[in-house]
Amino acid sequence: MSDFHFLYPWRLLGLLLCVAVWFISTGQRSTWFSIMEKPFAQALIIGRHRNLTRVLPWLCALGVLALAGPAWQRELPAALKPQSNVMVVLQQDLAMYAQDITPSRHQRMQNKVMTLLSRAPDTRFGLVVYNAQAYLTTPLTQDPTFYALFLHAQNPALLPEGDGSALKQAVSLALKNLPDTPDSPRSVLLIADTLSAADVAYLQDVKVPLQLWVPGTEHGGALPDNYAQRGIDTRLNVDRFSQVRDAGLPVTLVASDDSDIAVVTSHIQQAVTAQNNARSDLHWKNSGYWLVIPMLMMLLIWRRQLMCWLLLTLPMMFYVPHSEAAWLDAWVSPDRQGQHAFNQGDYGGAAEHFRDPLWQGIAYHEAENFPAATTAFKLAPQTAETLLWTGNSYAQQKQWQQAINSYDQALSLRPDWKMAQDNRAKIAKIIMALRQKERERESAQGKEMDYDPDAIKHDLKKDQGVEQQDIQPVASDNPQVNQWFENLNVSPSGLLESLYRSGTGETP
């Protein structure tokens, strides 16, 4: 709620009118109340009815606050959901084998991370591990099978031992592999059971969306027999984690149930909201309509017959002829009306209401008015999302080369966007098919002529165009993932051990 503000603060001057109404209503009390003591007056005066004027100042105040437009978060355009990215930074010191959390800290965190992954299907997760060095184990992906493959193959014994902590290098490596664009929120989830004094100093000054997830207990736990004689201290240094928490970073202690997962998910969502609120290309969401609920409750308590009258007249208030649409605009913003129409499936009507060109273009696109959608998208800020929608509109009009150009521009702003890559690949495949058909036609006719691929203007036959469902988001992983699978000729554990022993990690 740190971003709470009013969209129309000058309307708060109406509170002065509410104060005047309150003074008027309090002056209407019976003169007997000034003569008799209050308990006797309340018991003896009969015929005293509750008056609407007593609640009118409060109704007026709530109405003024609603009209002032309270807002605390940005509103995403209809049908547009930014992809969130979370990089898990997992400490792999030998203390993670401690069994104060069954079956061990390491195994418990593996299971909890996979549970977190299942609860955030629209989020891409990556994995960085560290001890004395830091390594990128898994690139960002939405594929839980691929992620689980390397997460469960990971164990602390695979990493080379050494002095010092590579926490700072691990966070830097995580940020290096996270997209750094406003339209792609990111956060770092640090899982650690041991912090050095240098780690605490670094975390106190870090300026990235980061939270800590701490496995272990203050009393520590037993280690397996092959590590029990090394004198490893498995107790949590509560003071150091408290210092990090006091510096403002969220710190969540692992719980025996899934309550800690809900807390971690909440912190991730808060980081996404904070980054969306920092975007200047999104409108603030007017949440004043929520105040209608307490207003109606007050009316129900103080004037039941008036409440019934409102229930009958409110539907008439929302039915407004076209000629009186300006009256509705004075109370409900056009974009809010457009959002309501869009949610109801009235895409054409939504496009007429929207003033934001991106929102208007999306509404035109859903209404299958693709030329109008393309025009609207050209008026919007040329972000990666806008260029993707522009390419989709061109594709629906079978303007293949323009679609390719738009997708290329979107990928230049967001190179690893799988949705844009998939859409471009589909259109490129269509273009190649058209060119192949053109070559076959020319060969059949026996004509020798120069061939200009970009000059092809032949249309596809019916039912050969790109359907909208074919160019929608595809839940898949980074292109680097496929390369990893193709090169996977050994077990995942063996591959990770080779990676760690090659000495290619980040060192302190």
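Our subject in this report is the structure included herewith. (Residues numbered from 1 in each chain as written. Predicted model: local features only at pLDDT ≥ 70, side-chain atom pairs only at ≥ 80, totals over all residues. Heavy atoms only, no water.)

### A few points about the overall build of the chain
- Per the secondary structure count, the chain includes 23 helices and 10 strands.
- Here the chain, with 508 residues, has 43% of them falling under the buried criterion.
- The long-range fraction of contacts in the chain, counting pairs at least 24 apart against all pairs at least 6 apart in sequence, stands at 71%.
- Put simply, the chain shows about 27,300 Å² of open surface, and 56% of that area lies on carbon and sulfur atoms. (Helix = DSSP H or I, 4+ residues; strand = E, 2+ residues; numbered from the N terminus. Buried < 20%, exposed > 50% of the residue type's maximum accessible area, 1.4 Å probe, protein only. Contact = heavy atoms within 4.5 Å. Areas by Shrake-Rupley, 256 points an atom, 1.4 Å probe, with all protein chains shown as cover.)

### A few points about the packing of aromatic side chains
- For the structure on display, the rule yields 7 aromatic pairs.
- Seen in terms of ring centroids, F125 and Y147 are 6.4 Å apart; in terms of plane orientation they differ by 70 degrees. Their pairing is edge-to-face. A residue pair is termed long-range when its members are at least 10 positions apart, and F125 in strand 5 (residues 123-130) and Y147 in helix 6 (residues 144-151) qualify at 22 residues. The pair formed by F125 and Y147 is uniform in burial state, with each residue classed as buried.
- When the ring centre of Y8 is taken as origin, the NZ or CZ atom of R11, which lies over that ring, is 4.2 Å away.
- Seen from the ring of W417, R414 lies directly overhead, with NZ or CZ sitting 4.3 Å from the centre. (Phe/Tyr/Trp six-rings, centres within 6.5 Å; stacked < 30°, edge-to-face > 60°. Lys NZ or Arg CZ within 6 Å of the ring centre and 35° of its normal.)

### Thoughts on the pattern of salt bridges
- The full count for this structure, using the stated rule, is 10 salt bridges.
- Put simply, D193 and R105 hold a salt bridge, and the shortest N to O gap is 2.8 Å. Taken as a pair, D193 in the loop between strand 7 (186-191) and helix 8 (197-205) and R105 in helix 5 (residues 105-118) lie far apart in primary sequence, 88 residues in all.
- For D193, a relative accessible area of 1% puts it in the buried group.
- In this structure, the salt-bridge partner of D233 is R235, at a minimum N-O distance of 3.0 Å.
- Salt bridges here are not isolated pairs; linked through shared partners, they connect D100, R105 and D193. (Salt bridge = Lys/Arg side-chain N within 4 Å of Asp/Glu carboxyl O.)

### Some thoughts on the nonpolar core
- The biggest cluster of nonpolar side chains holds 32 residues, and the ones touching the most others in it are L116, F125, Y147, L189, I191 and W213.
- When contributions to this core are tallied by element, the ones reaching two or more residues are strand 4 (84-91), helix 5, strand 5, helix 6, strand 7, helix 11 (259-277) and helix 23 (492-501).
- Excluding anything up to four places from it in sequence, F125 contacts V86, V88, L116, L117, A120, P139, L140, T141 and Y147.
- One finds L136, L167, Y202 and V206 within the second-largest nonpolar core, a separate group that totals 30 residues. (Core = buried A, V, L, I, M, F, W, Y, C linked by side-chain atoms within 4.5 Å.)

### Topic: the sheet that holds strand 4
- Taken in spatial order, the 6 strands line up as 6-5-4-7-8-9 in an open sheet, and their pairing is mixed. Strands with a single pairing partner mark the edges of an open sheet, and in this sheet they are strand 6 (134-141) and strand 9 (251-253). Ignoring strand direction, the axes of neighbouring strands in this sheet form an average angle of 20 degrees.
- Bridge count for strand 7 against strand 8 (residues 210-214) is 4 bridges, and the pairing is parallel. Within the sheet, the bridge partner assigned to L190 lies in strand 8 and is L212. (Pairing = 2+ DSSP bridges. Axes fitted to C-alpha atoms, helices over the stretch in contact; angles between N-to-C directions.)

### Overview of helix 11
- Under the 1.5 Å per step criterion, the end-to-end length of helix 11 is 27 Å for 19 residues, consistent within 8% with the ideal 27 Å.
- What helix 11 keeps buried is the set D260, I261, V264, I268, A271, V272, N276 and N277. (Expected span 1.5 Å × (residues − 1).)

### A short note on the environment of Y8
- Structurally, Y8 is set in the loop between strand 1 (5-6) and helix 1 (15-26).
- C-alpha of Y8 to C-alpha of L65: the two residues are 57 residues apart in sequence and 9.6 Å apart in space.
- Once you skip the residues sitting within four places of it in the chain, Y8 turns out to touch L67, A68, G69 and N286.

### Focus on helix 19 (residues 384-396)
- Taking 1.5 Å per residue as the helical rise, helix 19 with its 13 residues ought to reach 18 Å, and the 19 Å between its terminal C-alpha atoms agrees with that figure.
- Counted residue by residue, helix 19 has 13 buried out of 13 residues, so it is predominantly covered.
- Of the residues one or two after helix 19, K398 is the one with positive phi, at around 60 degrees.

### Re the packing of helix 17 (residues 357-366) against helix 18 (residues 370-379)
- Packing of helix 17 against helix 18 leaves a shortest axis separation of 8 Å and a crossing angle of 165 degrees. When the axes of helix 17 and helix 18 are compared, the pair comes out roughly antiparallel. Note that helix 17 runs across helix 18; the crossing there is left-handed. Facing P357, L358, Q360, G361, I362, Y364 and H365 of helix 17, the residues of helix 18 in contact are F370, A372, A373, A376, F377 and L379.
- Of the residues in the contact of helix 17 with helix 18, the class split is 10 nonpolar, 3 polar and no charged. (Parallel < 35°, antiparallel > 145°, perpendicular 65-115°, else oblique. Left-handed = near helix turned anticlockwise from the far one by under 90°. Nonpolar A, V, L, I, M, F, W, Y, C, P; charged D, E, K, R; others polar.)

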